[in-house]
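Spelled out from the first residue to the last, the chains are:
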Amino acid sequence: MKLVTAIVQDKDTTKLSNAFVKADIRATRLTTSGGFLRSGNTTFLIAIEDERVQTVLDTIQTVSKKRKQYMVPPVGLDAGGEHGGIYPVEVEVGGATVYTQSIESFHQF
Amino acid sequence: MKLVTAIVQDKDTTKLSNAFVKADIRATRLTTSGGFLRSGNTTFLIAIEDERVQTVLDTIQTVSKKRKQYMVPPVGLDAGGEHGGIYPVEVEVGGATVYTQSIESFHQF
Amino acid sequence: MKLVTAIVQDKDTTKLSNAFVKADIRATRLTTSGGFLRSGNTTFLIAIEDERVQTVLDTIQTVSKKRKQYMVPPVGLDAGGEHGGIYPVEVEVGGATVYTQSIESFHQF
Ligand code: NI
Ligand code: NI
Ligand code: NI
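Residues numbered from 1 in each chain as written. Chains lettered and ligands numbered in written order. Predicted model: local features only at pLDDT ≥ 70, side-chain atom pairs only at ≥ 80, totals over all residues. Heavy atoms only, no water.

- Identification of chain A as YaaQ from Leuconostoc kimchii is taken from an unreviewed UniProt entry.

1. What about the pattern of salt bridges?
Then comes step 1: Under the counting rule described, the total for this entry stands at 13 salt bridges over all chains.
Then comes step 2: A salt bridge links Arg52(A) to Glu49(A); the shortest N-O distance between them is 3.7 Å.
Then comes step 3: A residue is classified by how much of its surface remains accessible, and Glu49(A), at 33% relative accessible area, is partly exposed.
Then comes step 4: With a shortest N-O distance of 2.8 Å, Asp12(C) and Arg67(C) are connected by a salt bridge. Of the two residues, Asp12(C) is situated in the loop between β1 (2-9) and α1 (13-22) and Arg67(C) in strand β4 (residues 67-71); the sequence distance between them amounts to 55 residues.
Then comes step 5: The exposure class assigned to Asp12(C) is buried, which follows from its relative accessible area of 2%.
Then comes step 6: One connected set of salt bridges, linked through shared partners, spans Lys2(A), Asp50(A) and Glu104(C). (Salt bridge = Lys/Arg side-chain N within 4 Å of Asp/Glu carboxyl O. Buried < 20%, exposed > 50% of the residue type's maximum accessible area, 1.4 Å probe, protein only. Helix = DSSP H or I, 4+ residues; strand = E, 2+ residues; numbered from the N terminus.)

2. Section: the relation of the copies chain A and chain C
Then comes step 1: Rotating chain A by 120 degrees and translating it 0.0 Å along the rotation axis places it on chain C, where the RMSD comes to 0.0 Å. In symmetry terms, the pair is related by a three-fold rotation axis.
Then comes step 2: A share of only 12% of the interface residues of chain A reappears at the interface of chain C, consistent with the copies meeting through non-equivalent patches. (Least-squares fit on C-alpha atoms with pLDDT ≥ 70 in both. Contact = heavy atoms within 4.5 Å.)

3. Looking at the interface of chain A and chain C
Then comes step 1: At the junction of the two partners, chain A supplies 24 residues and chain C supplies 17 residues.
Then comes step 2: Together chain A and chain C conceal approximately 1800 Å² of surface at their shared face, both sides included; 56% is due to carbon and sulfur atoms.
Then comes step 3: Across the contact surface, chain A and chain C share one salt bridge.
Then comes step 4: A salt bridge links Glu104(C) to Lys2(A); its shortest N-O distance comes to 2.8 Å. (Buried area = accessible area lost by both parts, 1.4 Å probe.)

4. Notes on the interface of chain B and chain A
Then comes step 1: Across the boundary between the two partners, chain B contributes 24 residues, which contact 17 residues of chain A.
Then comes step 2: A buried area of about 1800 Å², summed over both sides, lies between chain B and chain A, and 56% of it is on carbon and sulfur atoms.
Then comes step 3: For the side of chain B that touches chain A, the secondary-structure elements that each account for two or more residues are β1 (2-9), β2 (28-33), β3 (41-48), α2 (53-64) and β6 (96-102) of chain B.
Then comes step 4: At seven residues, the largest contribution of residues to the side of chain B that touches chain A is made by β6(B).
Then comes step 5: Among the residues forming the side of chain B that touches chain A, the class breakdown is eight nonpolar, 13 polar and three charged. (Nonpolar A, V, L, I, M, F, W, Y, C, P; charged D, E, K, R; others polar.)

5. Examining the packing of α1(C) against helix α2 (residues 53-64) of chain C
A pair of packed helices can be characterised by two numbers: the angle between their axes and the separation between those axes.
All names here are of chain C.
Then comes step 1: The N-to-C vectors of α1 and α2 enclose an angle of 145 degrees; their axes lie 10 Å apart at closest approach. Crossing hand, α1 versus α2: right-handed. For the pair α1 and α2, the contacting residues are Lys15, Leu16, Ala19 and Phe20 in the first and Val56, Thr59, Ile60, Val63 and Ser64 in the second.
Then comes step 2: Residues that form the contact of α1 with α2 fall into these classes: six nonpolar, two polar and one charged. (Axes fitted to C-alpha atoms, helices over the stretch in contact; angles between N-to-C directions. Left-handed = near helix turned anticlockwise from the far one by under 90°.)

6. Here's the deal with the packing of aromatic side chains
Residue and element names in this part refer to chain A.
Then comes step 1: Applying the stated rule across the entire model yields three aromatic pairs over all chains.
Then comes step 2: The interplanar angle of 75 degrees and the centroid separation of 5.4 Å between the aromatic rings of Phe20 and Phe44 together place this pair among those described as edge-to-face. On the criterion of sequence distance, the pair formed by Phe20 in helix α1 (residues 13-22) and Phe44 in strand β3 (residues 41-48) is long-range, its members being 24 residues apart.
Then comes step 3: Overall, Phe44 belongs to the buried group, its relative accessible area being 1%. (Phe/Tyr/Trp six-rings, centres within 6.5 Å; stacked < 30°, edge-to-face > 60°.)

7. Regarding unusual backbone geometry
Then comes step 1: The backbone of Asp24(A) sits at a positive phi, close to 55 degrees, despite the residue not being glycine.
Then comes step 2: The class for Asp24(A) is exposed, based on a relative accessible area of 54%.

Below you can see the structure in the form of structure tokens.
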């Protein structure tokens, strides 16, 4: 057994939880803050058989990897001046920090 | 030193905390959700001397193992029809997922 | 890579978070309770390169080690009797429980 710990942005938490359920991966969810990701984040703890670690990593990468997204900036942050319009800007969202560790013994009571 | 991580149902949290105190086992408590257990759960982190790991496991098993319990179903869920009574049903409660890991260095400042 | 887990008193959380930022140490923060420290506590998870573990330990020790502090006891707890004044008493504050573990693989997606 291995322990996979994944820290993801809050905005990806629900989608990732659903992807875990669909892949029959049991993850315990912790509300966390700070660290690698600037905004609020969630930490998942996943104790899993060695041969399924890669599936867990693939699931996390597919759902939560860093990607670009267009966002309309809130009114008032527009630096375009009096005659400038409000244009969507490209922002980076998502991203996951993931590490794996060995488990010595595993029990279900 | 070893790290014992235990995920138990919320309903067993207080009883298990008390059992740890009585056995002089120091556990850090995290509020968690999802994972192996369907309802709300609590994760305990216990850094402990190697020779006391079995005592920790025994304590968790004694308090939080899966067991049957009789419960009176809430009114309205009774499928017995107009003349059926409300009978207690057997439900499964409790259960713990526990894993141990090695600790490389341990410090108290 | 190593995982450093540090459990500190709530009163040291902000100061330690700031010290981590200043030292460019990325820490994920968990709200925890119970365990080694009597009052509310916070757990930090820090995944870090092997050669920086000592810097993490030094930072935690500097900010959160157990130390004495003078405190004026709340009115009503003064056992000095009718003519006794209210004198500051020495109390112990702070303290950290820290352990390190190995990480097998580390990923940023
Ligand atoms: Ni983070
Ligand atoms: Ni669970
Ligand atoms: Ni503690």
